[in-house]
Amino acid sequence: WFKDAVLARMAENGLTGLGREHVICTYGGQEGLQLVFNMFAGGRVVSFAPTWSCVLDNIAPYAGCTLDEVALVERDGRLDIDFAQVEAKLPGAALLYVNSPQNPTGKVFSREELSRLNDLCVKHGVHIVSDEAYEDFVFGGAKHVSMLQFPGDHIFAVFTCSKSYAATGFRIGYTVCRNADIIAKLTLGEYTQ
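Owing to the predicted nature of the structure, the values given are computational and were not obtained by experimental measurement.

Thresholds applied
- Every residue gets a number counted from 1 within its own chain, in the order that chain's sequence is written.
- For this predicted model, a pLDDT threshold of at least 70 governs which residues receive local features, and a threshold of 80 or more governs which side-chain atom pairs are given and counted, while totals over whole chains, interfaces and linings are taken from all residues.
- Processing note: side-chain calculations cover all non-hydrogen atoms of the structure and skip hydrogens and water entirely.
- Helix and strand definitions follow DSSP, with helices as H or I runs of at least four residues and strands as E runs of at least two, each counted in order from the N terminus.
- All radius of gyration figures rest on C-alpha atoms, and the globule criterion is 2.2 Å times the number of residues raised to 0.38.
- A 1.4 Å probe rolled over the protein chains alone gives each residue an accessible area, and that area as a share of the maximum for its type sets the label: buried under 20%, exposed over 50%, partly exposed in between.
- In this analysis, two residues are considered to be in contact whenever any of their non-hydrogen atoms come within 4.5 Å of each other.
- Using a 1.4 Å probe, accessible areas were evaluated by the Shrake-Rupley method; residue-level cover was limited to the displayed protein chains.
- Here the term cavity refers to a set of points on a 1 Å grid, laid over the protein atoms alone, in which a 1.4 Å probe fits but cannot get out; the term pocket refers to an open set having protein on both sides within 12 Å along at least five of seven lines, with lining residues being those that place an atom within 4 Å of a point.
- Grid points are joined across faces, edges and corners, and a volume is the space filled by probe spheres set on the points.
- Here the nonpolar group is Ala, Val, Leu, Ile, Met, Phe, Trp, Tyr, Cys and Pro; Asp, Glu, Lys and Arg are the charged ones; every other residue, Gly included, is treated as polar.
- Two rings from Phe, Tyr or Trp (for Trp, the six-membered ring) form a pair when their centres sit within 6.5 Å of each other. Planes less than 30 degrees apart are called stacked, planes more than 60 degrees apart edge-to-face, and all others tilted.
- A pair of strands is considered paired only if DSSP assigns at least 2 bridges between the two.
- In this description, a line fitted to the C-alpha atoms serves as the axis of each element, helices being fitted only across the stretch in contact, and the angle between N-to-C directions of two axes falls anywhere from 0 to 180 degrees.

## Let's talk about the overall build of the protein
Scanning the protein from terminus to terminus reveals seven helices and nine strands. Taken over C-alpha atoms, the radius of gyration comes to 15 Å for the protein, in line with the 16 Å a tight globule of 193 residues would show. Counting only C-alpha atoms, the protein reaches 45 × 40 × 30 Å along its principal axes. With 193 residues in all, the protein has 50% of them scored as buried. Residue pairs at least 24 apart in sequence account for 67% of intrachain contacts in the protein once pairs closer than 6 positions are excluded. With an accessible surface of roughly 8,900 Å², the protein has 53% of that area assigned to carbon and sulfur atoms.

Listed below in structure tokens is the structure:
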């Protein structure tokens, strides 16, 4: 039933073509992130600085991953992506970690930014882990866009119930990927890519 509820929520956000086999239930969003990082154990992960402290201090180190940060650039009171620097760091990387809305800055990545990041990851054969824990915390006309709205089975989207439903002790999350084989591996604990 939980997976059916997840699929209904995905459909509400325009994400179709997904089935139960594309969803894994996790112990909060952090476990979902840890499972994905573990799949790429020892690899290099490109992320945007500042990066959420749990990724820096726990998730990446426990998976033996090295974080290669790209600083967000402040321009006219907003934070922008230095796409040239992102593209310079993607070759040879295992993952791109995207957190939108971002903790700790609150930056909501635009559809155009996410589309361009996806294109770069496709070009360089890099998987994406999209931390969407704060999907319902957008203000001032901003709109959350899920990475799952872009084509490809190289995208993992990680969600949690704790933020949207103000249930921090209710440790339930889920990870969605269009590649059902990868979800099966995560479910069985077969982490290596």
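## Comments concerning the environment of Ala71
Relative to the elements of secondary structure, Ala71 occurs in strand 3 (residues 66-71). Separated by 50 residues in the primary sequence, Ala71 and Cys121 place their C-alpha atoms 18 Å from one another. Beyond its immediate stretch of four places on either side in the chain, Ala71 contacts Ala49 and Gln85.

## A closer look at empty space enclosed by the protein
All chains considered together, the criterion is met by one cavity of 30 Å³ or more. Counted as a void, the largest cavity has a volume near 30 Å³. Phe48, Pro50, Thr51, Trp52, Tyr97, Val98, Asn99, Gln102 and Asn103 together form the lining of the largest cavity. In terms of residues, the lining of the largest cavity owes the most to one element, strand 6 (residues 95-99), which gives three residues. Looking at the lining of the largest cavity, its residues break down into five nonpolar, four polar and no charged.

## What to know about the packing of aromatic side chains
Counting across every chain of the model gives five aromatic pairs. With a centroid separation of 6.3 Å and 80° between ring planes, the pair formed by Phe40 and Phe156 is classed as edge-to-face. Taken together, the residues span a long stretch of sequence, with Phe40 in the loop between helix 2 (28-39) and strand 2 (44-49) and Phe156 in strand 8 (residues 155-160) at a distance of 116 residues. Looking at Phe40, the relative accessible area reads 7%, which means it is buried. Phe156 gets classed as buried once you look at its relative accessible area, which sits at 0%. The structure contains a cluster of three or more aromatic residues connected by ring pairs, namely Phe2, Phe159 and Tyr174.

## Considerations on the sheet that holds strand 9 (residues 173-177)
The strand order 1-9-8-7-6-2-3 describes an open sheet built from seven strands, whose pairing is mixed. In this open sheet, the two strands that pair with only one neighbour each are strand 1 (23-26) and strand 3. Sheet twist, expressed as the mean angle between neighbouring strand axes with direction ignored, is 20°. Pairing between strand 6 and strand 7 (residues 127-131): five bridges, direction parallel. Within strand 7, the residue paired with Leu96 across the bridge is Ile128. In the packing of helix 5 (residues 111-124) onto the sheet, the strands contacted are strand 2, strand 6, strand 7 and strand 8, and the crossing angle to strand 6 comes to about 170°.

By themselves, these are just geometric observations and shouldn't be taken as functional.
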